[in-house]
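Tertiary structure, described
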Amino acid sequence: MTLYCRDLLLPETILSCLYTDDDGSSTPNPANKFELQQVGWVKYMWAQWLSGLEFLPDSNLSMAQSNVSSGHMQETIGRIRQRVLSRLALQKQLAALEAGCVPMESVCTCLFPNKTFCRLSSWKRLTLEDYEVIQSNKCYLESGLVKDSDYLFLLEAERGSAKLKASVVISPNYPSTAPLFSVEVTWKTTRTNVTDENIAAMESELNLHYKELLTEASPCQLLANQVQRLLVCFDVYIDTDSDPDPDEGPSEFSRERVYCRHVRGPNRIKPYKYNVHMGIFLHR
């Protein structure tokens with residue numbers, strides 16, 4: 001198991017952002033900020049609540065109160081328990097992805113076609129500096145959707161000469177906060193969400209319509225399901241490409257599936273939505 005997989009269960013990080021934006025970097029009480037920094041303690045809001053402390057926005061004074069502690073106890077314990085379970089599931093998925101395998105639960109296989117024709121070739125950790133230099137990530141950085149506490153990865157997939165790269169942002173609050181994907185395809189030219197609306201539509205399948213990939217029996221399987229959907233969408237992207245130029249000779253890729261319509265509308269969007277009941281791809 002790689003170091004970054006083990007990082008998920010480190011005491012220093014496993015409880016980060018148990019509540020929204022509560023990464024332990026700030027304290028509501030200015031009086032103890034310096035002391036806590038000196039000893040290296042993490043200043044989680046929920047830890048103060050469980051101690052019966054709740055500071056008002058305009059005051060640095062508070063008395064411990066039992067009703068504050070009891071009011072947050074059950075919710076916080078439930079979140080801690082769920083965090084450990086989700087991290088164990090995430091750890092298992094990351095280890096499989098690094099080995100070049102998309103781990104699929106049996107209850108999730110019905111969400112996808114029986115076969116994909118592209119393959120996952122690489123999965124590796126990114127630093128924030130690495131993430132910032134990738135052009136397709138610019139819009140997500142400017143929107144403030146990527147935080148210092150997030151886990152960043154780079155996925156690579158291929159089908160013949162067509163290559164796909166996807167930057168993946170995983171929140172500490174996974175799976176309550178879904179992983180965020182930005183995609184770049186290199187095939188004849190380099191295509192991103194800025195230059196190709198079908199790349200932007202592919203990202204929407206992962207970032208906006210991810211709830212279709214959640215199952216009640218396996219909610220922590222979201223990352224693997226998103227990766228599998230990305231591979232399927234990559235196949236669709238290639239299969240529904242316009243007919244090749246006769247001067248270039250025969251097409252490199254045979255069309256393995258039948259599509260009702262290859263593109264639709266003035267933007268010529270491809271049919272990424274998979275209808276699990278009919279077994280065909282449709283436009284949204």
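Residues numbered from 1 in each chain as written. Predicted model: local features only at pLDDT ≥ 70, side-chain atom pairs only at ≥ 80, totals over all residues. Heavy atoms only, no water.

Concerning helix H7 (residues 197-207)
With respect to burial, H7 is a largely interior element, 8 of its 11 residues being buried. Every buried residue belonging to H7 is among Asn-198, Ile-199, Ala-201, Met-202, Glu-203, Glu-205, Leu-206 and Asn-207, and all of these are buried. The backbone nitrogen of Asn-198 has a side-chain oxygen 2.8 Å away, supplied by the residue at the start of H7, namely Asp-196. (Buried < 20%, exposed > 50% of the residue type's maximum accessible area, 1.4 Å probe, protein only. Helix = DSSP H or I, 4+ residues; strand = E, 2+ residues; numbered from the N terminus. Polar contact = N/O pair within 3.5 Å; in protein donor to acceptor, adjacent residues only side chain to side chain.)

A word on the pattern of salt bridges
Taken as a whole and judged by the stated rule, the model has 11 salt bridges. Glu-158 serves as the salt-bridge partner of Arg-119, at 2.7 Å between the closest nitrogen and oxygen. Separated by 39 residues along the polypeptide, Arg-119 in strand S1 (residues 119-126) and Glu-158 in strand S2 (residues 151-159) bring together distant segments of the chain. Via salt bridges that share partners, Glu-205, Glu-212, Arg-229, Lys-273 and Arg-284 belong to a single interconnected network. (Salt bridge = Lys/Arg side-chain N within 4 Å of Asp/Glu carboxyl O.)

A short note on the environment of Asp-196
Of note, Asp-196 is situated in the loop between strand S5 (189-192) and H7. You can call Asp-196 buried: its relative accessible area is 14%. Linking Asp-196 and Glu-184, residues 12 residues apart in sequence, is a C-alpha distance of 9.6 Å. Residue contacts for Asp-196: discarding those within four places in its chain leaves Arg-191 and Tyr-237. (Contact = heavy atoms within 4.5 Å.)

Re unusual backbone geometry
Across residues other than glycine, the phi torsion is negative in most instances, and most of the peptide bonds are trans. Geometrically, the link from Tyr-174 to Pro-175 is a cis peptide bond, its omega value of 5 degrees lying close to zero. Of note, Pro-175 is situated in the loop between strand S3 (162-170) and strand S4 (180-187). The backbone of Cys-17 shows a phi angle near 60 degrees, a positive value even though the residue is not glycine. By the element assignment, Cys-17 lies in the loop between helix H1 (3-7) and helix H2 (33-39). Overall, the relative accessible area of 11% leaves Cys-17 in the buried class. With phi around 55 degrees, Arg-268 is a residue other than glycine that occupies positive phi space. With respect to the helices and strands, the residue Arg-268 is situated in the loop between helix H8 (222-239) and strand S6 (273-275).

Considering the packing of H7 against H8
It is the contact of H7 with H8, at a shortest axis distance of 9 Å, that shows an interaxial angle of 155 degrees. Taken as axis vectors, H7 and H8 run roughly antiparallel relative to one another. Crossing hand, H7 versus H8: right-handed. Residues Asn-198, Ile-199, Met-202, Glu-205 and Leu-206 of H7 pack against Gln-226, Arg-229, Leu-230, Cys-233, Phe-234 and Tyr-237 of H8. (Axes fitted to C-alpha atoms, helices over the stretch in contact; angles between N-to-C directions. Parallel < 35°, antiparallel > 145°, perpendicular 65-115°, else oblique. Left-handed = near helix turned anticlockwise from the far one by under 90°.)

Re the packing of aromatic side chains
Overall, the coordinates contain 3 aromatic pairs when judged by the stated rule. Residues Trp-123 and Phe-153 carry aromatic rings whose centres are separated by 5.2 Å and whose planes lie at 25 degrees to one another, so their mutual orientation is stacked. With Trp-123 in strand S1 and Phe-153 in strand S2, this pair connects stretches of sequence that are 30 residues apart. With 5.7 Å between their ring centres and 40 degrees between their planes, Tyr-259 and Phe-281 make a pair best called tilted. Pair noted here: Tyr-259 is in the loop between H8 and S6 and Phe-281 is in strand S7 (residues 280-282), with a separation of 22 residues, a long-range link. Exposure remark for Tyr-259: the relative accessible area of 8% places this residue in the buried category. One aromatic cluster in this structure is built from Tyr-259, Tyr-274 and Phe-281. The lysine or arginine in question, Arg-79, covers the ring of Tyr-19, its NZ or CZ lying 4.0 Å from the ring centre. (Phe/Tyr/Trp six-rings, centres within 6.5 Å; stacked < 30°, edge-to-face > 60°. Lys NZ or Arg CZ within 6 Å of the ring centre and 35° of its normal.)

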